[in-house]
Amino acid sequence: MTQDTTLDAVLDRLDRGLDAALDRLCAFLRIPSISTDPAHAGDVRAAAEWLRDELAGLGFDASIRDTAGHPMVVARSQPGGARPLLFYGHYDVQPVDPLSLWDRPPFDPLIDDTPDGKVIRARGASDDKGQLMTFVEAFRAWRDVHGELPSDLILLFEGEEESGSPSLRPFLRDNADELRASLAMICDTELFGGTRPAIVTQLRGLVGEEVVIRGADRDLHSGLFGGLAANPIMVLAQALAALKDADGRVTLPGFYDGVQDLTPDLRRDWESLGFDAGAMLGRVGLSDPIGERGRTPVEMAWNRPTAEINGIAGGYAGEGFKTVLPAEARAKVSFRLTGTQDPAAIRAAFRDHVRGFLPPDCTVEFHEHGGSPASVMDTSDPAFTAARRALGDEWGQDAAFIGSGGSIPIAGDFKSILGMDSMLVGFARDDDRIHSPNEKYDVNSFAKGARSWARIIAALR
């Protein structure tokens, strides 16, 4: 058989096996592997065991590796390929609260016919169990046709991505020789515009920080103490409001150190994509882009850093009214980073900024919630050209090289610890409701995602 003939046979095997593949995905989705909730630790391990057994059944040398937190699943095929490839995904999922907003139980998956086609509904359907299984189903079909797996594959499936990956970096350092490959494949991203295949070539970094300001030793009567005693909510609000100026720029000293403007070629490529900020915002009930004055929407979404308030609390917020000066106020703030911005420097600048608003009677404490630099991939690697062509063959349109406003710290970790770039190819849609109630994944995306990986593997053999 020629290579084209065997690839056609693999693709045909995937098409004929779609119903069985969906059954396997549903079985996987029934496991409530919520990594942030200690009550589900046993479920997270059950999901790891399910994956290990599936991979071992395909012929991988598969094992569960314990960590200080949730386990890793590591699997290998036989050596001898043209280049070793590492495939990464995560099997843990987000919490499901508020449960009342779900149309059906989140761990009771359903294949649903909609006007836009079939979707599978369940927590983790898109992020990331459905995407992870596009790898596994591609490998399954390859084995069924060839009688063996592609050689030199390393699979690393994590159980803590949705809780900050606390065990991942130590695991990579301790197992670097075993895990190092020529390129990492990550399937945790989206199609562009919901229909066009895309390879993400740059990711924003992330700094997460919680700040707690305390004043008096109890809540105070706002009539007796108002105007006299320090109000922690007011102090916090003033500090947070001062994070940006009237032009939408972040005011922290040195914040833009390392931020790089788009090259003319990249600007032209991105502008040709027809990024529609109005349509994107319209899907969530908004209409007008905000941000830095003088920057285009696609720049602000992919290539400019941000400062955002993610949560704020303090005082009385229940029914009715309670006139108090609160003893405490707290907020969670995140920064998305680009270029070579230094997460540690951004964190220090934010803390200094908050302290500058602190009156003598107030104290402040900070809690770190992760930090990672931005990532930019080297697309001169011929694998990117080959994958772009393979995706175009499957989807009937050229794959786009795009940026992402999100942060996938593992890509930076693969670079800094294992010395390899990552190729980020995903098949989610921007309306999949990941991290929200009623998460779903398009069945056609799942099917074509598995076919896409079969094509990419064939192109890189």
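Everything quoted here is computed from the prediction, not taken from an experiment.

Enquirer: Looking at this structure, how should I read helix H13 (residues 382-395)?
Expert: Because an α-helix completes one turn every 3.6 residues, residues spaced three or four positions apart along the sequence face the same direction. With 14 residues, H13 should reach 20 Å at 1.5 Å per residue; the first-to-last C-alpha distance of 20 Å fits that figure. Listing the buried residues of H13 in full gives Ala383, Phe384, Ala386, Ala387, Ala390, Leu391, Gly392, Glu394 and Trp395. Structurally, the start of H13 carries an N-cap: the backbone nitrogen of Ala383 is 2.8 Å from a side-chain oxygen of Asp381. Where H13 ends, the next residue or the one after it, Gly396, has phi of about 75°, a positive value.

Enquirer: I keep staring at the sheet that holds strand S13 (residues 328-337) and nothing clicks. Help me out?
Expert: Picture the strands of a sheet paired through backbone hydrogen bonds; they go either parallel or antiparallel. Spatial strand order, S11-S13-S9-S14: 4 strands in an open sheet with antiparallel pairing. Lying at the two open borders of the sheet, with one neighbouring strand each, are strand S11 (306-314) and strand S14 (363-372). On average, adjacent strands in this sheet sit at an angle of 15° to one another, irrespective of strand direction. Of the pairings in the sheet, the one linking S11 to S13 comprises 8 bridges and is antiparallel in character. From the neighbouring strand, Gly314 faces S13, where its bridge partner is Ala329.

Enquirer: Would you take a moment to explain the nonpolar core for this structure?
Expert: As a rule of thumb, soluble globular proteins bury nonpolar side chains together. Ranked by internal contacts, the top residues of the largest apolar core, which has 102 residues, are Leu156 and Phe414. Of all the elements, helix H15 (residues 443-460) adds the most residues to this core, at 9 residues. Beyond its immediate stretch of four places on either side in the chain, Leu156 contacts Met72, Val73, Val74, Leu86, Phe87, Tyr88, Gly89, Leu168, Phe171, Leu172, Leu179 and Phe414. Residues Val211, Val250, Phe255 and Ala307 belong to the second largest nonpolar core, which totals 24 residues.

Enquirer: What's the story with the domain arrangement of the chain in this structure? I'm lost.
Expert: It is common to give the size of an interface as the accessible area lost on bringing the parts into contact. Looking at the chain, the domain boundaries give domain 1 (3-203 + 374-460) and domain 2 (205-263 + 300-372). Between the C-alpha centres of domain 1 and domain 2 the distance comes to 35 Å. Both faces considered, domain 1 and domain 2 share a buried interface measuring about 860 Å² in area, 47% of it formed by carbon and sulfur atoms. The interface formed by domain 1 and domain 2 contains 0 salt bridges. The interface formed by domain 1 and domain 2 holds 6 residue pairs in polar contact (both at pLDDT 80 or more) in total.

Enquirer: Any chance you could explain the UniProt feature "domain: Peptidase M20 dimerisation" (unreviewed entry) in the chain here in plain terms?
Expert: In the UniProt entry, the feature "domain: Peptidase M20 dimerisation" (unreviewed entry) is given for residues 203-360. Helix makes up 30% of residues 203-360 and strand 22%, and the two end C-alpha atoms of the span are 41 Å apart.

Enquirer: What is the right way to read the pattern of salt bridges from this model?
Expert: Where charged atoms from two side chains of opposite charge come close, those side chains can pair. Taken as a whole, this structure holds 43 salt bridges when the rule is applied. Put simply, Arg13 and Asp144 hold a salt bridge, and the shortest N to O gap is 3.2 Å. Remark: Asp144 occurs in helix H4 (residues 129-146) and Arg13 occurs in helix H1 (residues 3-16); sequence separation between them is 131 residues. On the basis of relative accessibility, which here comes to 28%, the residue Arg13 falls in the partly exposed class. Of the residues examined, Asp144 reaches a relative accessible area of 32% and is grouped as partly exposed. Notably, a salt bridge pairs Arg214 with Glu328, separated by 3.0 Å at the nearest N-O pair. Residue Arg214 is located in strand S9 (residues 205-214), and its partner Glu328 is located in strand S13; the two are separated by 114 residues in the primary sequence. Salt bridges linked by common partners bring Arg249, Asp261, Arg267, Glu292, Arg295, Glu299 and Arg304 together as one network.

Enquirer: Sorry, what's going on with the packing of aromatic side chains here?
Expert: Aromatic rings considered in pairs are described by the distance between their centres and by the relative angle of their planes. One pass over the full model with this rule turns up 18 aromatic pairs. Ring centres of Tyr88 and Phe414 lie 6.0 Å apart, and the angle between their planes is 80°; on these two criteria the pair is classed as edge-to-face. One end of the pair, Tyr88, is in strand S3 (residues 85-90); the other, Phe414, is in helix H14 (residues 409-418), and 326 residues separate them in sequence. In terms of burial, Tyr88 and Phe414 fall into one category: buried. The interplanar angle of 65° and the centroid separation of 6.2 Å between the aromatic rings of Phe192 and Trp302 together place this pair among those described as edge-to-face. Here the residue Phe192 occupies a position in the loop between strand S7 (183-186) and strand S8 (198-203), and Trp302 occupies one in helix H11 (residues 297-302), the gap between them amounting to 110 residues.

Enquirer: Looking at this structure, I do not really get the layout of surface pockets. What am I missing?
Expert: In this approach the atoms are scanned with a rolling probe the size of a water molecule, which exposes any empty space left behind. Taken as a whole, the second largest pocket encloses approximately 370 Å³ of empty space. Every residue lining the second largest pocket is counted, 22 residues in all, and those nearest its centre are Gln202, Leu262, Leu266, Asn303 and Val376. Elements with a minimum of two residues in the lining of the second largest pocket: S8, helix H9 (264-271) and strand S15 (375-376). The residue makeup of the lining of the second largest pocket, split by class, is 9 nonpolar, 9 polar and 4 charged. Residue-level mapping places the lining of the second largest pocket at the junction of two domains, with at least three residues from each of domain 1 (3-203 + 374-460) and domain 2 (205-263 + 300-372).

Enquirer: Would you take a moment to explain the packing of helix H3 (residues 41-58) against H4 for this structure?
Expert: The relative placement of two packed helices comes down to the angle between their axes together with the axis-to-axis distance. In contact at an axis separation of 10 Å, H3 and H4 are set at 20° when each is read in the N-to-C sense. When the axis of H3 is compared with that of H4, the two are roughly parallel. In this structure, H3 crosses over H4, and the sense of that crossing is left-handed. Of the residues in H4, those touching H3 at Trp50, Leu51, Glu54, Leu55, Gly57 and Leu58 are Leu132, Met133, Val136, Arg140 and Arg143. Here the residues of the contact of H3 with H4 sort into 7 nonpolar, 1 polar and 3 charged.

Conventions and cut-offs
Residues numbered from 1 in each chain as written. Predicted model: local features only at pLDDT ≥ 70, side-chain atom pairs only at ≥ 80, totals over all residues. Heavy atoms only, no water. Helix = DSSP H or I, 4+ residues; strand = E, 2+ residues; numbered from the N terminus. Expected span 1.5 Å × (residues − 1). Buried < 20%, exposed > 50% of the residue type's maximum accessible area, 1.4 Å probe, protein only. Polar contact = N/O pair within 3.5 Å; in protein donor to acceptor, adjacent residues only side chain to side chain. Pairing = 2+ DSSP bridges. Axes fitted to C-alpha atoms, helices over the stretch in contact; angles between N-to-C directions. Core = buried A, V, L, I, M, F, W, Y, C linked by side-chain atoms within 4.5 Å. Contact = heavy atoms within 4.5 Å. Domains from an automatic or database assignment. Buried area = accessible area lost by both parts, 1.4 Å probe. Salt bridge = Lys/Arg side-chain N within 4 Å of Asp/Glu carboxyl O. UniProt positions renumbered as here; feature names shortened; annotations may be inferred. Phe/Tyr/Trp six-rings, centres within 6.5 Å; stacked < 30°, edge-to-face > 60°. 1 Å grid on protein atoms, 1.4 Å probe; cavity = no way out; pocket = protein on both sides within 12 Å on 5 of 7 lines; lining within 4 Å. Points joined across faces, edges and corners; volume = space filled by probe spheres on them. Nonpolar A, V, L, I, M, F, W, Y, C, P; charged D, E, K, R; others polar. Parallel < 35°, antiparallel > 145°, perpendicular 65-115°, else oblique. Left-handed = near helix turned anticlockwise from the far one by under 90°.

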